[in-house]
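Listed below, chain by chain, are the residues.
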Amino acid sequence: MTVELLIQLLVSGLGMGFIFALIAIGLALIYGVVGVVNFAHGEFLMVSMYATYLAFALGGLDPLVTLPFVAVAMFGFGIAVYYVLMRRVLGAALHAQIFATFGLMVFMQAAAQFIFGADYFSIDHSLLSGVLHIGGITLPMPQIAAAAGALLCTVGLYAFVFRTGPGRALRAVSQDRVAALTMGIDADRMNALAWGLASACVGVAGSLLSNFYYVFPRVGAVFVLVAYVTVALGGFGSISGALVAGIIMGVLQVMSGFFLTSTLKFVPVYLLYLGVVLFRPRGLLGRQ
Amino acid sequence: MEQHLGVRMVAGDLCRKLPLLLGVALIIAGATSVSPARGQDVVRIGALYPLSGAVAKSGEDTLNAIRLAVDVINGKYPDSNLPFAKPGGLPGLKGAKIELITADHQGSPEIGAAEAERMITQQKVVALIGTFHSSVALTVSQVAERNEIPFMTGESEATPLTERGYKWLFRTTPTSLNQARDFFVFLRDLNTKRDQKVKTIAIVHENTLWGQEFGTAMESYFKEFPEFTMVANIGYQQGTTDVTSEVQRLISLKPDVVVHASYDAEAILFAKTYKQYNFAPQGILAIGAAFGSTAFRNALKDDANFFLVREHWSLDLAGTNPLIAQVAKMYQDKYNKAMDGTPARSFQGMMTLVDAINRAGSTEPAAIQKALQQTDLPPASLIMPWEGVKFDAKGQNTKTRGIFVQTINGKPATVWPFEMAQSKLNWPKPAM
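The structure displayed is predicted, hence computed values, not measured ones.

**Student:** Outline the overall build of chain A, listing residues and values.
**Tutor:** Across its full length, chain A holds 11 helices and two strands. Each helix (α) and strand (β) of chain A, taken in turn from the N terminus, gives the series α-α-α-α-β-β-α-α-α-α-α-α-α. Here the C-alpha radius of gyration of chain A, 19 Å, is about what a compact globule of 288 residues would show, namely 19 Å. When the backbone C-alpha atoms are referred to their principal axes, chain A occupies close to 60 × 50 × 35 Å. For chain A, the exposed area adds up to about 12,000 Å²; of that, 74% sits on carbon and sulfur atoms. Mean positive and mean negative side-chain charge positions of chain A (12 and 8 charges, respectively) differ by 15 Å.

As structure tokens, this is what we get:
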């Protein structure tokens, strides 16, 4: 019983952890390459959740079917945001950059509330409904799919960044912008690529989340706060760091919610975060 | 010489125009002296609700009920039998109409207090109504008390609000303490009248003032009802991303009954997680409308069935009182959404406040306060299944009464008290 329970908690925590990680990876990517914290990241998640929900409610399309389309659309959306908004403030003062993404966040939240109202919408049945029983352990399908999707997506992104030409160019810009420029890498295009990839990641996360979480205008804020901590914990700009930190956060909050009290669920998570900030400010896997 | 002439011309001019000038002056003076009377054509009431942020949906639905009450009072529904509907306006104030000033407090006690202050000092409201969140009602009532302006709450339930002995706070809704007791009475009734065996109770509540208060109120009744034992009292953070650990704890404790205090978002999340992990206690009971709200039913479809909500109000009570059917239809027609318990209570709160202003025959805050203290509304004039509205010295309505509503086939049905039941109770709760 106790072992089963432990495994159950671990599995549940891992499921949430991968989702946290997938959301955080986009943040880490944009910060690593472009050097900007995207405060509207949660709203990108919200948009992809609404897109998935609308495809389901209006077209009867399953979230699994919509997922690639949402990812591609969000890729385009991210690039558009970069060219229309972010490129104008890149050379400007830091607070101009912060206000640009912060303003985008407020705008997107308000727009969502204007268009969809403040109601909660959720997908009540999908291909991934139901649960899987292995031994005495219950595995909810949507969460497993989310974890698997998040893991796949992270591995794919990792492979792209470390094994392909454009990926190397991305890393080059992230490591030394001036040197990359002298090597003939178009940093502007790499910035756009980073925004596109980050938005696509969050698009995948949104589609997967829609299987079991409801969408409303402020849903982004619920998840993105955790994502910020994940990025800081893992190390700013580190993809593998975001993955590891996401998993730690997911497992830790479920464990402490069970063994401590629910109210203190996130206290160990934030304590760990404080500890990392104090003793290892670059994060678990961050660069110096 | 020329100068002389000029002076004389001006003087002569003045003499000729004097009657005219006097007339203008009289008109101006008359107009200003008339204006206070004209001010009574409109009675300004300030409504504070969360219109953005996490509970914006509930805030909107609740404020809509108050807007509907204002429309009824202002004569937009002359065919209705509701108070004020036929004359249109307040007869006690020469047919004055209500003007509603609204503000968004975003769920923040600080913003709520600032908005209340602004409404009182700048917009000269004669009374305040609100605020959904008890935590906001706490600060708004302080502002109202300091400025000596009546503050009515039709839906903020935290017990301490009316325990402070404020003179300007009036509450039509029962407190969490009143409501918590209904759960025990209901469960005792189940055991004695329906031969069920309910022993262990787990309490799950969100962690703002409302949820915390309810948790404490529940705990306080185990002495009075010794046949029940509490196996857990779980407080969770509002706005959480997942509740797996909470549900796993419940599963390991195996309570007969879970009693919830949750807002819409987490109610949906808990229900979905219960289903995923196959958690099936005999019954899941809840305070507040979240587990029976329209949002909950839309989000969960068939799985929304058989949750039990301790309610103040239900559509199917229409048979017992035609006013309920009327108001529910108006709300549905106007907002394209079914009315539920919280908007119904806010509607009643607004009607009670306006009734007092009308009886006061004045917009003087002290007169309204006095009228509120003398309020004694009969059950037939209410859209709530209460025994009436009458405030005690602390401003709390003493004539409230609770019902239990179960969602059956996607529709809320009153199932308790058994003598008021419109449908048969489904117990134990069928699996999701």
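**Student:** Tell me about the overall build of chain B, residues and numbers included.
**Tutor:** Of the regular secondary structure elements, chain B holds 12 helices and 12 strands. Referenced to the eigenvectors of the C-alpha coordinate spread, the extents of chain B come out at roughly 110 × 40 × 40 Å. Looking at chain B as a whole, 58% of its 432 residues are labelled buried. Residue pairs at least 24 apart in sequence account for 68% of intrachain contacts in chain B once pairs closer than 6 positions are excluded.

**Student:** Summarise helix 10 (residues 322-335) of chain B; cite the residues concerned and give the values.
**Tutor:** Residues and elements named next belong to chain B. Taking 1.5 Å of rise per residue, 14 residues should cover 20 Å, and helix 10 covers 20 Å from first to last C-alpha, within 8% of that figure. Regarding helix 10, the residues found buried are Leu323, Ile324, Val327, Ala328, Met330, Tyr331 and Tyr335. The buried residues of helix 10 occupy one face: seen down the axis, they fall within an arc of 160°. Projecting away from the buried face of helix 10 at angles above 90 degrees are the exposed residues Pro322, Lys329 and Asp333. Residues of helix 10 that are buried sit in contact with helix 2 (56-73) and helix 11 (341-360).

**Student:** I'd love a proper account of the pairing of strand 1 (residues 131-134) of chain A, names of residues and values included.
**Tutor:** Residues and elements named next belong to chain A. Sheet analysis places strand 1 next to strand 2 (residues 137-140), joined by four bridges and oriented antiparallel. In the sheet register, Ile134 faces strand 2, and the bridge partner there is Ile137. Here strand 1 folds back onto strand 2 in antiparallel fashion, the turn holding two residues, of which Gly135 has a positive phi close to 60°.

**Student:** Go over the side chain of Thr172(B) with me, naming the residues and quoting the values.
**Tutor:** All names here are of chain B. When you line up the elements, Thr172 lands in the loop between strand 5 (169-171) and helix 5 (176-193). The exposure class assigned to Thr172 is buried, which follows from its relative accessible area of 0%. Sequence-distant contacts of Thr172, defined by excluding residues within four places in its chain, comprise Met152, Thr153, Gly154, Arg345, Gly349, Thr352, Trp386, Val389, Phe391, Asn397 and Thr400.

**Student:** Tell me about the pattern of salt bridges, residues and numbers included.
**Tutor:** One pass over the full model with this rule turns up 23 salt bridges over all chains. The partner of Asp376(B) in a salt bridge is Lys390(B), with the nearest N and O atoms 3.8 Å apart. Within this pair, whereas Asp376(B) is found in the loop between helix 12 (365-373) and strand 11 (403-408), its partner Lys390(B) is found in the loop between helix 12 and strand 11, the two being separated by 14 residues in sequence. A single salt-bridge network, built from bridges that share partners, covers Asp119(A), Lys57(B), Asp61(B), Asp264(B) and Lys337(B).

**Student:** Explain the interface of chain A and chain B residue by residue, including any values.
**Tutor:** Taken together, the contact pairs 34 residues of chain A with 36 residues of chain B. Summed over both partners, the interface of chain A with chain B buries about 2,900 Å², with 53% contributed by carbon and sulfur atoms. By the criterion of area lost to chain B, the three top residues of chain A are Tyr120(A), Tyr214(A) and Ser262(A), representing 21% of everything that side buries. Applying the counting criterion to the chain A and chain B interface returns two salt bridges. Put simply, Asp119(A) and Lys337(B) hold a salt bridge, and the shortest N to O gap is 3.1 Å. Taken together, the links from chain A to chain B amount to 16 residue pairs in polar contact (both at pLDDT 80 or more). It is helix 1 (residues 2-34) of chain A that provides the largest number of residues to the side of chain A that touches chain B, a total of six residues.

**Student:** Lay out the state of the cysteines with the relevant residues and their values.
**Tutor:** If you walk through the whole model with that rule in mind, you get zero disulfides over all chains. Unpaired in terms of disulfides, Cys201(A) finds its nearest cysteine sulfur in Cys153(A), a separation of 4.3 Å.

**Student:** Please give an account of the environment of Ala69(B) that cites residues and values.
**Tutor:** Residues and elements named next belong to chain B. Within the secondary structure layout, Ala69 lies in helix 2. Along the primary structure Ala69 and Ile98 are separated by 29 residues, whereas in three dimensions their C-alpha atoms are 9.8 Å apart. For Ala69, the residues in contact, after removing those within four places along its chain, are Phe347, Met350 and Met351.

**Student:** Residue-level account of a nonpolar patch on the surface, with values.
**Tutor:** All names here are of chain A. On the surface, a cluster of nonpolar side chains totalling about 490 Å² of accessible area is made up of Leu61, Leu64, Val65, Phe69 and Leu127. With respect to the helices, strands and loops of the structure, Phe69 is situated in helix 3 (residues 63-89). For Phe69, a relative accessible area of 59% corresponds to the exposed category.

**Student:** A description of the packing of helix 9 (residues 219-234) of chain A against helix 10 (residues 239-259) of chain A should follow, citing residues and the corresponding values.
**Tutor:** All names here are of chain A. Direction vectors running N to C along helix 9 and helix 10 enclose 120°, while the axes themselves pass 8 Å from each other. Taken together, helix 9 and helix 10 sit at an angle that is classed as oblique. For helix 9 against helix 10, the interelement crossing comes out right-handed. Where helix 9 approaches helix 10, its residues Val226, Val229, Thr230, Leu233 and Gly234 are matched on the opposing element by Gly241, Ala242, Ala245, Gly246 and Met249.

**Student:** Quick one: what's the story with the sheet that holds strand 4 (residues 151-153) of chain B, residue by residue and with numbers?
**Tutor:** All names here are of chain B. Taken together, five strands build an open sheet; the order of strands is 2-1-3-4-5 and the sheet is parallel. The outermost strands of the open sheet, each flanked by one partner alone, are strand 2 (97-104) and strand 5. Ignoring which end each strand starts from, the neighbouring axes of this sheet average 25° apart. In this sheet, strand 2 lies alongside strand 1 (residues 42-49) in parallel orientation, the contact comprising eight bridges. What sits directly across from Gly46, in strand 2, is Ile101.

**Student:** Provide a residue-level description of the side chain of Glu311(B), including the pertinent values.
**Tutor:** All names here are of chain B. Positionally, Glu311 belongs in strand 10 (residues 308-311). Of the side chains with opposite charge, Arg345 comes closest to the buried, unpaired Glu311, at an N-O distance of 5.3 Å. Excluding its chain neighbours within four sequence positions, the residues that come into contact with Glu311 are Ala289, Gly341, Gly402, Ile403 and Val405.

**Student:** Tell me about the confidence of the model for chain B, and name the residues and values.
**Tutor:** All names here are of chain B. The share of residues in chain B with pLDDT of 70 or more is 91%, and the mean pLDDT across the chain is 88. Overall, residues 1-12 carries pLDDT values under 50, and its contacts beyond four positions in sequence, including any with other chains, amount to zero contacts. Note on residues 26-39: pLDDT under 50 across the span, and zero contacts to partners over four residues away in sequence or across chains. Here the prediction assigns the complex a pTM of 0.72, and the interface score ipTM is 0.81.

**Student:** Please set out the sheet that holds strand 11 of chain B residue by residue, giving values where relevant.
**Tutor:** Residue and element names in this part refer to chain B. Taken together, the seven strands give an open sheet; going across it, the order is 7-6-8-9-10-11-12, and neighbouring strands pair in mixed fashion. Across the chains shown, the open sheet's two edge strands, defined by having one partner strand only, are strand 7 (229-236) and strand 12 (411-416). The sheet shows a mean angle of 25° between the axes of neighbouring strands, taken without regard to direction. Sheet topology note: the strand 9 (residues 283-287)/strand 10 ladder contains three bridges and is parallel. Paired with Ile287 across the two strands is Arg310, which belongs to strand 10. Contacts from helix 5 reach strand 6 (200-206), strand 8 (257-261), strand 9, strand 10, strand 11 and strand 12, with the element oriented near 155° to strand 9.

How each quantity is defined
- Residues numbered from 1 in each chain as written.
- Chains lettered and ligands numbered in written order.
- Predicted model: local features only at pLDDT ≥ 70, side-chain atom pairs only at ≥ 80, totals over all residues.
- Heavy atoms only, no water.
- Helix = DSSP H or I, 4+ residues; strand = E, 2+ residues; numbered from the N terminus.
- Rg over C-alpha atoms; globule rule 2.2 N^0.38 Å.
- Areas by Shrake-Rupley, 256 points an atom, 1.4 Å probe, with all protein chains shown as cover.
- Lys, Arg positive; Asp, Glu negative; His and termini not counted.
- Charge placed at Lys NZ, Arg CZ, Asp CG, Glu CD.
- Buried < 20%, exposed > 50% of the residue type's maximum accessible area, 1.4 Å probe, protein only.
- Contact = heavy atoms within 4.5 Å.
- Expected span 1.5 Å × (residues − 1).
- Arc of directions from axis to C-beta.
- Pairing = 2+ DSSP bridges.
- Salt bridge = Lys/Arg side-chain N within 4 Å of Asp/Glu carboxyl O.
- Buried area = accessible area lost by both parts, 1.4 Å probe.
- Polar contact = N/O pair within 3.5 Å; in protein donor to acceptor, adjacent residues only side chain to side chain.
- Disulfide = S-S within 2.5 Å.
- Patch = residues over 30% accessible without salt bridge, like charges linked within 9 Å, V, L, I, M, F, W, Y side chains within 5 Å.
- Axes fitted to C-alpha atoms, helices over the stretch in contact; angles between N-to-C directions.
- Parallel < 35°, antiparallel > 145°, perpendicular 65-115°, else oblique.
- Left-handed = near helix turned anticlockwise from the far one by under 90°.
- pLDDT = per-residue confidence, 0-100.

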